[in-house]
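Notes for the structure review
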Amino acid sequence: MAVLLKRLLHPRRPPAALGRPLGRREASLDTHAGAAVRVRFAPSPTGFLHLGGLRTALYNYIFAKKHRGSFILRLEDTDQTRLVPGAAENIEDMLEWAACVVGIPPDESPRRGGPAGPYLQSQRLALYAQATEALLKSGAAYPCFCSPQRLELLKREALRNRQTPRYDNRCRSLSEAQVAQKLAKDPKPAIRFHLEGEAPAFQDLVYGWNRHEVASVEGDPVILKSDGFPTYHLACVVDDHHMGISHVLRGSEWLVSTSKHLLLYQALGWQPPRFAHLPLLLNRDGSKLSKRQGDIFLEHFAAAGFLPDALLDIITSCGSGFAENQMGRTLPELITQFDLTRVTCHSALLDLEKLPEFNRAPRFELCEEAGTPRFCFVNSGACRGQAGSSEEGGGPGERPWRAEGRADLRHPPLCSSRKVSFFKPHPLPWGRRWSGLEMPAAGRSLGFPGRLHLRRLVSDETQRRQLVGKLQALVEEAFGSQLQDRHVLDAAYVERIILLRQGHICRLQDLVSPAHSYLWTRPAVGRAQLGAVSEKVDVIAKRVLGLLEGPGMSLTQDMLNGELKKLSEGLEGTKHSNVMKLLRVALSGQLQGPPVAEMMLSLGPKEVRERIQKVLSS
């Protein structure tokens, strides 16, 4: 640094562009027609990736793909004092986690490499030194020898006078001799950019025409620190230029700094990219998302079992950039529908309490209407009744989704059976018949994937196999030695549970919650507990066993509902609801839960018999 500065010592000239002067049209960020679109997501690894960063990454990605461009991940690790161990790896890990389902991987990154690398700023110090040398030669930059103590005193004095702290540009006027004298004592000074002249106006693609006269309100900013690392202002300009970035999509907090960056582009003689500053993503109460909130990091959502595409869905639905906000869009739909001119200046309010609704799938039934089988969206109690799930209204959280209004993805058109056709049926993994119980052909609630993101995983065979493996691991972790029968880990059984219950859950983890523990472990239920529900325990139990042991009988959920209803009617003085409660307690040890017929289909006839016989012999 000292050698460079001594070589550059010469009479001070006013700042000037190193290349041809930029006209007003170029200063307003018009780019060359037909140039390739290249955008970047450039987080600082001073913390792990959170929802605000994910939103910025997503908007960059879908903008690039809409225009057949490239999406670049660059890590701005120049502030070495604030680096968080593992944060750099976490950022790329979380983007790859999001990519595993919906696909937002960078085309170029530290991990993937690329033609414009390296993609860590700490490995690009030579480029910043070259740019700094050019600015020093032109007189657009100068060394600053002010101590941290003096800068702190300036700050305190300004605050005491209720003024905005700013550098007083003291070192700007040092003579050549004074600079040489100070270099002998301090060979590694900071380098400041000479803010002078009128800042160019620019047309932000979101906020419109802007101009911020930074020279009148700010002191000359440091662009290269004494340790040789650049500040954000120099690094982002140098990197965006050398990486060929065509559009900068970043948070609105950088809008005021853009005029400063344009002055740097002008001083270096470089063509600037176009800028689009995205409004902030705020909490529901209007407060700013903070890294101090432990629940906004992507790791939290991944560990909690939320799907990546559900996160992308909620952060786009609460914001702008689309003709209308709606749930359940796929990534190709987001790319097709995205329009940067529709991004507004208003901050987006994020309501994370709604995330489970984005993650879950509504209930579907196999409906045969006009002789055409298809899965239909359940939206009324009538459909639930046909589905055999109305004997007690279902369990908690099993209210049907209702369709109303316009015929679109959010409000599907109703068919005459008061259900909505969405997609073709998917074959069951066990065929039409399993262990003596036949899966019903029509009018039965399969819990098949709905219009949101869980359906896309379950309906895809490869993804469903991955879900089976994940649920097996969750069951093993949650119950372990409590598993009386290891057969509950069989892939066919686990897959059956996912298909039957996925219309009622928000996350895969829900299937190992206490409410679903009966699927994996046998409850400790005694006759006395059942006797408190009905004194006809033996009669009910024996009739249900007879129902399961009928020779050559294939049971469907519809048939089970009908037979259980008949069983109740044949018991004088016993309500149907009490019969259902008794069977639910016998099978699960719980007073609430899924319909009894669905419980029986989930567990299978062999397990149902064993649980009932265990109660009779207790």
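As shown above, the structure is provided for reference.
So, a few notes on the structure that sits alongside this text. (Residues numbered from 1 in each chain as written. Predicted model: local features only at pLDDT ≥ 70, side-chain atom pairs only at ≥ 80, totals over all residues. Heavy atoms only, no water.)

Here we come to the packing of helix H21 (residues 557-569) against helix H22 (residues 576-588). Where H21 contacts H22, the two axes come as close as 9 Å, and the packing angle between them is 120°. Seen from above, H21 lies across H22 with right-handed handedness. Taking contact as the criterion, the partners of Leu564, Lys565, Leu567 and Ser568 in H21 are, on H22, His576, Val579, Met580 and Leu583. Grouping the constituent residues of the contact of H21 with H22 by class yields five nonpolar, two polar and one charged. (Axes fitted to C-alpha atoms, helices over the stretch in contact; angles between N-to-C directions. Helix = DSSP H or I, 4+ residues; strand = E, 2+ residues; numbered from the N terminus. Left-handed = near helix turned anticlockwise from the far one by under 90°. Contact = heavy atoms within 4.5 Å. Nonpolar A, V, L, I, M, F, W, Y, C, P; charged D, E, K, R; others polar.)

The next point concerns the pairing of strand E9 (residues 274-278). Counting buried positions along E9 yields five of five residues, so the element is predominantly enclosed. By the alternation rule, side chains of E9 split into Arg274, Ala276 and Leu278 and Phe275 and His277, which are all buried. Pairing of strand E8 (residues 247-251) with E9, which is carried by five bridges, proceeds in the parallel orientation. If you follow Gly251 over to E9, its bridge partner there is Leu278. The parallel pair E8 and E9, bridged by helix H10 (residues 258-268), forms a crossover whose chirality is right-handed. (Buried < 20%, exposed > 50% of the residue type's maximum accessible area, 1.4 Å probe, protein only. Pairing = 2+ DSSP bridges. Right-handed = clockwise from strand over helix to strand, strands pointing away.)

Turning our attention to the packing of aromatic side chains. Centre distance and the angle of the planes are the two values used to describe a pair of aromatic rings. With the rule as written, the count across this model stands at six aromatic pairs. Plain terms: the ring middles of Tyr232 and Trp254 are 4.0 Å apart, the flat faces sit at 25° to each other, and that makes the pair stacked. With a gap of 22 residues between them, Tyr232 in helix H9 (residues 232-242) and Trp254 in the loop between E8 and H10 connect regions that are remote in the sequence. Judged by relative accessible area, Tyr232 falls into the buried class, the value being 18%. By relative accessible area, which is 27% here, Trp254 ends up partly exposed. Measuring from centroid to centroid gives 5.8 Å for Tyr493 and Trp520, while their planes differ by 85°, and the two rings are edge-to-face. Here Tyr493 is found in helix H18 (residues 491-501), whereas its partner Trp520 is found in the loop between H18 and helix H19 (527-531), with 27 residues between them in sequence. Grouped by ring-pair contacts, the aromatic residues Tyr59, Phe322 and Phe338 constitute a single cluster. (Phe/Tyr/Trp six-rings, centres within 6.5 Å; stacked < 30°, edge-to-face > 60°.)

The subject of this paragraph is the sheet that holds strand E7 (residues 222-224). Spatially, the three strands line up as an open sheet ordered E3-E4-E7, and their pairing is antiparallel. Edge positions in the open sheet fall to strand E3 (141-144) and E7, since each of these has one partner strand only. Going across the sheet, the axis of each strand differs from the next one's by a mean of 45°, ignoring polarity. Pairing between E3 and strand E4 (residues 190-193): four bridges, direction antiparallel. Paired with Pro143 across the bridge in E4 is Ile191.

Coordinates in, geometry out; function isn't part of it.
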